[in-house]
Amino acid sequence: MAQYKMHLLVCAGTGCRASQSDEIIVNLKEEIKKQGLESDAQVVATGCFGFCEKGPIVKILPDNTFYTQVKPEDCAEIISEHVLKGRRVNRLLYEDPETLKHIEDSKHMGFYQKQLRISLRNCGFIDPENIDEYIARDGYAAIGKILTEMTQSEAIDEIKKSGLRGRGGGGFPTGLKWEIASKNKADQKYVVCNADEGDPGAFMDRSILEGDPHSIIEAMAICGYCIGASKGLVYIRAEYPLAIKRLQIAIEQAREYGLLGEAILGTDFAFDIELKFGAGAFVCGEETALIHSMEGHRGEPTVKPPFPAEKGYLGKPTNVNNVETFASVPAIFLKGASWFASIGTEKSKGTKVFALAGKINNVGLIEVPMGITLREVIFEIGGGIKNGKKFKAVQTGGPSGGCLTEKHLDTPIDFDNLLAAGSMMGSGGMIVMDEDDCMVSVAKFYLEFTVEESCGKCAPCRIGNKRLHEILEKICAGKGTEDDLTYLGNLSLVIKDTSLCGLGQTSPNPVLSTLEHFHDEYLSHVRERVCVAGMCKALKLYTIISDKCTGCTACIRACPVNAITGEKRQPHVIDVDKCIRCGACYDKCKFTAIHVQ
Amino acid sequence: MNKIKSLDDLRKMKQSLEHGMNIREKSNSPESLVQIRVAMATCGIAAGARTIMNTLIEKIEKEKIPAVVTQGGCMGYCYAEPTLEVRVPGKDPVVFGNVDTQVAIDILDKYVLNGELLDGIIPTNYLTINEQK
């Protein structure tokens, strides 16, 4: 590789590409050529930096300058000012939302200071389409070490010692899973990577595949060696075209280098990987449903046991792990199990990637050590709540998780603490809500999702969730009763107890946790017919304050259902029965004469 | 592309490749490295700062000196260009003026590696905007 003085890393993940990062890369390269700096500066298209809120990101090394929201037309200035003359382009620097000061480099950004990147170690650092950069960072050294120095059981022991648990949601110990699969005898076994990321708002698997596909290939090969499988399959949803493309390029490059195929690194170990595309069904994240979908059947779960480790893909022993779990594997072998086990809490080791979303200043992808508190994540890394509003709740674990409140802010985050608090780790989605969010509506939103995504095989999930959703709709429409609340709770428990797979067993969690932590809000919906957050339209009551009304008739003209009557220059009146609570009059009134309750 | 046939092959390949990634690896932990900032404004470039910078980078790479070279703007010492600011971890930054290729090499050998001071230091009597509280 040539020696450059400066590396310009440009995010080429799905998020930043949507805001023209492709064009930025082209422009930067052209400008460098134009100014004769080809031997000085290199432009690298990398994976996601995680700071998606302010994309597209251009990071300049070695000084770690972090430019945000760069536009293609800014490229000339970046090159002529920063690269040529060493002057930072201040207007593109990140502005701290509290102090309103420009922060020069990423090392001083609150967003990065508390992070520890293991699974994301190469994301936003290497060119994912260039295997050489991965090798330069010790890529494929872990599989090399294992093939030449370790037996299968030694390698499995290493994973067991590290305490790694499945990052897809369940948190099952990975080493144990591998051990079970390795002990089952068969002529063919399979390693499956579950890249069917389906939680609303979660995008860590996509980012890893887009930013560091080789780490997944290497980890799958390691797993193949440990359990005695020569075939790997990645089940990835077709709606991730960029991740698929990068993974395909990476597999091709690994084959050319002989890192996939026969006789890997001169040993007698053979391994190859094939992609299987999913149609983007949430239930296919469940491992039995995933396997059925790969076999060409309907994506429906089946009863466990038999577990996939015993009878999985095509009836053969199969080990299924999530993308993020695989991404930590090479690092564990390179740095040692004890290093990994030294990070995190007693029963949850290592780090976890979270996708921060919702009413938070720094939306993006972060990786933090287990045991960090929600407060640190939301207020220090996340930069607090948008527009200075008050924090209300955070939903972890997506549609299978629950809402945590102010009183949980100082709980250390790990698998067990989140479960104890009535939520779960899930795949790591974290949706932050402020005072304007109605918790009944939030529960309704998630139920809408599960009702859509339920495969319909078992009755509790198919019918039960539908009923839950109906009751929530009824409450939001202002027609709920207190009996409905009891019914909601009971039905939720029945669905949890009787559903076939993880989808139904966890789908009532958003209802249960909001019922527990925000019982008052439910009560005010059914008793006083009031939505405190003002989100439930049907519970809003629009009236005209006659003292303030000048009789300008603006609202009369704006009302789509002719619910407002009155003479010119006389106070108008809203007919509550006709009113559809659209708020058009409220927006039109120049004299703040419309009162909303 | 040649196949990688053994772990040794892979290691050799890594060694030949890591060179190109050095700048990136170093920028991951700038606090622990000696930071050398070359003033690269118009006056600096005219006085030969680009050559100095290349010399520094080549030597640092070749001898694996734990230092990272960055560019800075004009420091105001136009009479003494090319200028370098050297920031050894835990010490105050030192600015050297009238640097030529030989002085640049001496700075690395003597000051950076052995802590000996050299002639040509410009006394600092200013705060940069970053240091102002």
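K.L.:
What is the right way to read the overall build of chain A from this model?
P.N.:
Secondary structure summary: chain A contains 24 helices and 19 strands in total. Compactness check: chain A gives a C-alpha radius of gyration of 27 Å against a globular reference of 25 Å for 597 residues, within 12% of the reference. For chain A, the C-alpha atoms occupy an extent of roughly 90 × 65 × 40 Å along the three principal directions. Here chain A holds 597 residues, and 59% of them are scored as buried. Here the contacts in chain A between residues at least 6 apart in sequence split such that 70% fall between residues at least 24 apart. Accessible surface for chain A amounts to roughly 23,200 Å². Of this, 50% is attributable to carbon and sulfur atoms.

K.L.:
Is there a simple way to think about the interface of chain A and chain B in this case?
P.N.:
Bring the parts together and some accessible area is lost; that lost area is often taken as the interface size. Residue-level contacts link 47 residues of chain A with 40 residues of chain B. The junction of chain A with chain B conceals about 3,500 Å² of combined surface from both sides, 58% of it contributed by carbon and sulfur atoms. Broken down residue by residue, the surface that chain A buries against chain B is led by A:Gln3, A:Lys5 and A:Tyr257, which jointly contribute 19%. Between the two partners, chain A and chain B, sit four salt bridges. One salt bridge in this structure joins B:Lys14 and A:Asp138, with 3.4 Å as the shortest N-O distance. Applying the counting criterion to the chain A and chain B interface returns eleven residue pairs in polar contact (both at pLDDT 80 or more).

K.L.:
It is not clear to me how the confidence of the model for chain B should be interpreted in this structure. Could you clarify?
P.N.:
Reading fine detail from the predicted coordinates is not recommended where pLDDT is low. Residues and elements named next belong to chain B. Chain-level pLDDT for chain B is 82 on average; 92% of the residues reach the 70-or-more range. Between the elements of chain B, mean pLDDT differs from a low of 76, seen in strand E5 (residues 121–122), to a high of 88, seen in strand E1 (residues 34–39). Complex prediction metrics read pTM 0.88 and ipTM 0.81.

K.L.:
Any chance you could explain the pairing of strand E14 (residues 402–405) of chain A here in plain terms?
P.N.:
Residues in a regular strand project their side chains so that they alternate between the two faces of the sheet. Residue and element names in this part refer to chain A. Where strand E13 (residues 391–396) and E14 come together, four bridges link them in antiparallel fashion. Across the sheet, alanine 393 pairs through a bridge with threonine 405, a residue of E14. Hairpin connection of E13 to E14: five residues between the antiparallel strands, including glycine 397 at a positive phi of 80°.

K.L.:
Help me out: how do you make sense of unusual backbone geometry in this one?
P.N.:
Backbone phi values are negative for most residues with the exception of glycine, while trans is the configuration of most peptide bonds. Residue and element names in this part refer to chain A. Proline 62 follows leucine 61 through a cis peptide bond whose omega is 10°. Its place among the elements puts proline 62 in the loop between strand E3 (58–61) and strand E4 (65–67). Here the residue pair lysine 304 and proline 305 is connected by a cis peptide bond, since its omega of -5° sits within 30 degrees of zero. Assignment of secondary structure puts proline 305 in the loop between helix H12 (287–294) and strand E10 (318–322). The backbone phi angle of leucine 265 is positive, close to 50°, even though this residue is not glycine. Among the secondary structure elements, leucine 265 is positioned in the loop between helix H11 (241–256) and strand E9 (272–278). Even without being a glycine, arginine 569 presents a positive backbone phi close to 60°. Considering the arrangement of structural elements, one finds arginine 569 in the loop between strand E17 (564–565) and strand E18 (573–574).

K.L.:
I tried to follow the pattern of salt bridges on my own but got confused; where do I start?
P.N.:
Between side chains of opposite charge, a pair can form as their charged atoms come close. Counted by the stated rule, this structure contains 43 salt bridges over all chains. Salt-bridge contacts for B:Glu25 lead to A:Arg137; the nearest nitrogen and oxygen are separated by 2.7 Å. Of the two residues, B:Glu25 is situated in helix H1 (residues 7–27) and A:Arg137 in the loop between helix H5 (131–136) and helix H6 (141–149); the pairing between them involves two chains. Between A:Glu300 and A:Arg298 there is a salt bridge, with its nearest N and O atoms 3.8 Å apart.

K.L.:
Is there a simple way to explain the domain arrangement of chain A in this structure?
P.N.:
Residue and element names in this part refer to chain A. What the domain assignment lists for chain A is domain 1 (6–109), domain 2 (131–337), domain 3 (351–434), domain 4 (439–526) and domain 5 (540–596). When each unit is reduced to the centre of its C-alpha atoms, the spacing between domain 2 and domain 3 is 27 Å. Contacts between the two partners involve 15 residues from domain 2, matched on the other side by 20 residues from domain 3. Regarding the contact of domain 2 and domain 3, the summed buried area is about 1,300 Å², with carbon and sulfur atoms giving 62% of it. Looking only at domain 2, the three residues that lose the most surface to domain 3 are Arg167, Asp199 and Met204, adding up to 36% of its buried area. The closest approach of N and O atoms between arginine 165 and aspartate 416, which form a salt bridge, is 3.4 Å. Our enumeration of links across domain 2 and domain 3 arrives at five residue pairs in polar contact (both at pLDDT 80 or more). Residue composition of the side of domain 2 that touches domain 3, by class: five nonpolar, six polar and four charged.

K.L.:
Before we go on, may I ask you to explain the packing of aromatic side chains in this structure?
P.N.:
Each aromatic ring pair is described using two quantities: the centre-to-centre distance and the angle formed by the ring planes. Residues and elements named next belong to chain A. By the definition in use, this model includes 16 aromatic pairs over all chains. Centre to centre, the rings of tyrosine 134 and tyrosine 140 are 5.3 Å apart; their planes meet at 85°, and the pair counts as edge-to-face. Pair check on accessibility: tyrosine 134 and tyrosine 140 agree, each one buried. Measuring from centroid to centroid gives 5.0 Å for phenylalanine 282 and phenylalanine 449, while their planes differ by 75°, and the two rings are edge-to-face. Of this pair, phenylalanine 282 sits in the loop between E9 and H12 while phenylalanine 449 sits in helix H17 (residues 439–453), and the two are 167 residues apart along the sequence. Among the residues examined, phenylalanine 282 registers a relative accessible area of 12% and is labelled buried. Grouped by ring-pair contacts, the aromatic residues Phe49, Phe51, Phe66, Tyr94, Phe111 and Tyr112 constitute a single cluster.

K.L.:
Sorry, what's going on with the sheet that holds strand E7 (residues 190–195) of chain A here?
P.N.:
Across a sheet, strands are paired by hydrogen bonds formed along the backbone, either parallel or antiparallel in direction. Residues and elements named next belong to chain A. Across the sheet, which stays open at both edges, the four strands sit in the order E9-E8-E7-E10 with parallel pairing between neighbours. If you trace the sheet from one side to the other, it starts and ends with E9 and E10, each paired once. Adjacent strand axes in the sheet meet at a mean angle of 25°, parallel and antiparallel pairs treated alike. Direction of pairing for E7 relative to strand E8 (residues 231–237): parallel, over a ladder of six bridges. Following the sheet pairing, tyrosine 190 is matched in E8 by lysine 231.

K.L.:
When you look at helix H9 (residues 204–211) of chain A in this model, what are you seeing that I'm missing?
P.N.:
Note: α-helices contain 3.6 residues per turn, so residues at a spacing of three or four share the same orientation. Judged by how many residues are buried, H9(A) sits mostly within the fold: eight of eight residues are covered. Buried within H9(A) are the following residues: A:Met204, A:Asp205, A:Arg206, A:Ser207, A:Ile208, A:Leu209, A:Glu210 and A:Gly211.

K.L.:
Is there a simple way to think about the nonpolar core in this case?
P.N.:
All names here are of chain A. Judged by nonpolar contacts, the single largest core of 77 residues is most densely connected at Ile135, Tyr140 and Trp178. Tallying contributions element by element places helix H10 (residues 213–227) first for this core, with ten residues. Per-domain counts for this core show at least three residues from each of domain 2 (131–337) and domain 3 (351–434). The residues touching tryptophan 178, leaving out its near neighbours within four places in the chain, are Ile156, Ile159, Ile222, Cys223, Cys226, Ile227, Asn319, Asn321, Phe326 and Val329. By size, the runner-up hydrophobic cluster in this structure holds 39 residues, among which are Phe111, Val368, Phe391 and Ala421.

K.L.:
Looking at this model, I keep getting lost on the environment of B:Leu56. Mind explaining?
P.N.:
Residue and element names in this part refer to chain B. Along the chain, the position of leucine 56 falls in helix H3 (residues 49–63). Taking the C-alpha atoms as reference points, leucine 56 and lysine 3, separated by 53 residues in sequence, lie 36 Å from one another. In contact with leucine 56, other than residues within four places in its own chain, are Ile36, Val38, Val69, Leu84, Ala104 and Leu108.

K.L.:
I would appreciate a short explanation of the sheet that holds E3(A) in the present structure.
P.N.:
Spatially, the four strands line up as an open sheet ordered E2-E1-E3-E4 (chain A), and their pairing is mixed. Since the sheet does not close on itself, it has two edges, and those belong to strand E2 (41–46) and E4 of chain A, each with one partner. In this sheet, neighbouring strand axes are inclined to one another by 20° on average, regardless of whether the strands run parallel or antiparallel. In the sheet, strand E1 (residues 6–11) of chain A pairs with E2(A) via six bridges, with the strands oriented parallel. Counterpart to A:Met6 in the pairing with E2(A) is A:Ala41. Across the sheet, H1(B) touches E1, E2 and E3 of chain A, and the angle it forms with E1(A) is around 75°.

Here is what the cut-offs are and how they apply
Residues numbered from 1 in each chain as written. Chains lettered and ligands numbered in written order. Predicted model: local features only at pLDDT ≥ 70, side-chain atom pairs only at ≥ 80, totals over all residues. Heavy atoms only, no water. Helix = DSSP H or I, 4+ residues; strand = E, 2+ residues; numbered from the N terminus. Rg over C-alpha atoms; globule rule 2.2 N^0.38 Å. Buried < 20%, exposed > 50% of the residue type's maximum accessible area, 1.4 Å probe, protein only. Contact = heavy atoms within 4.5 Å. Areas by Shrake-Rupley, 256 points an atom, 1.4 Å probe, with all protein chains shown as cover. Buried area = accessible area lost by both parts, 1.4 Å probe. Salt bridge = Lys/Arg side-chain N within 4 Å of Asp/Glu carboxyl O. Polar contact = N/O pair within 3.5 Å; in protein donor to acceptor, adjacent residues only side chain to side chain. pLDDT = per-residue confidence, 0-100. Pairing = 2+ DSSP bridges. Domains from an automatic or database assignment. Nonpolar A, V, L, I, M, F, W, Y, C, P; charged D, E, K, R; others polar. Phe/Tyr/Trp six-rings, centres within 6.5 Å; stacked < 30°, edge-to-face > 60°. Axes fitted to C-alpha atoms, helices over the stretch in contact; angles between N-to-C directions. Core = buried A, V, L, I, M, F, W, Y, C linked by side-chain atoms within 4.5 Å.

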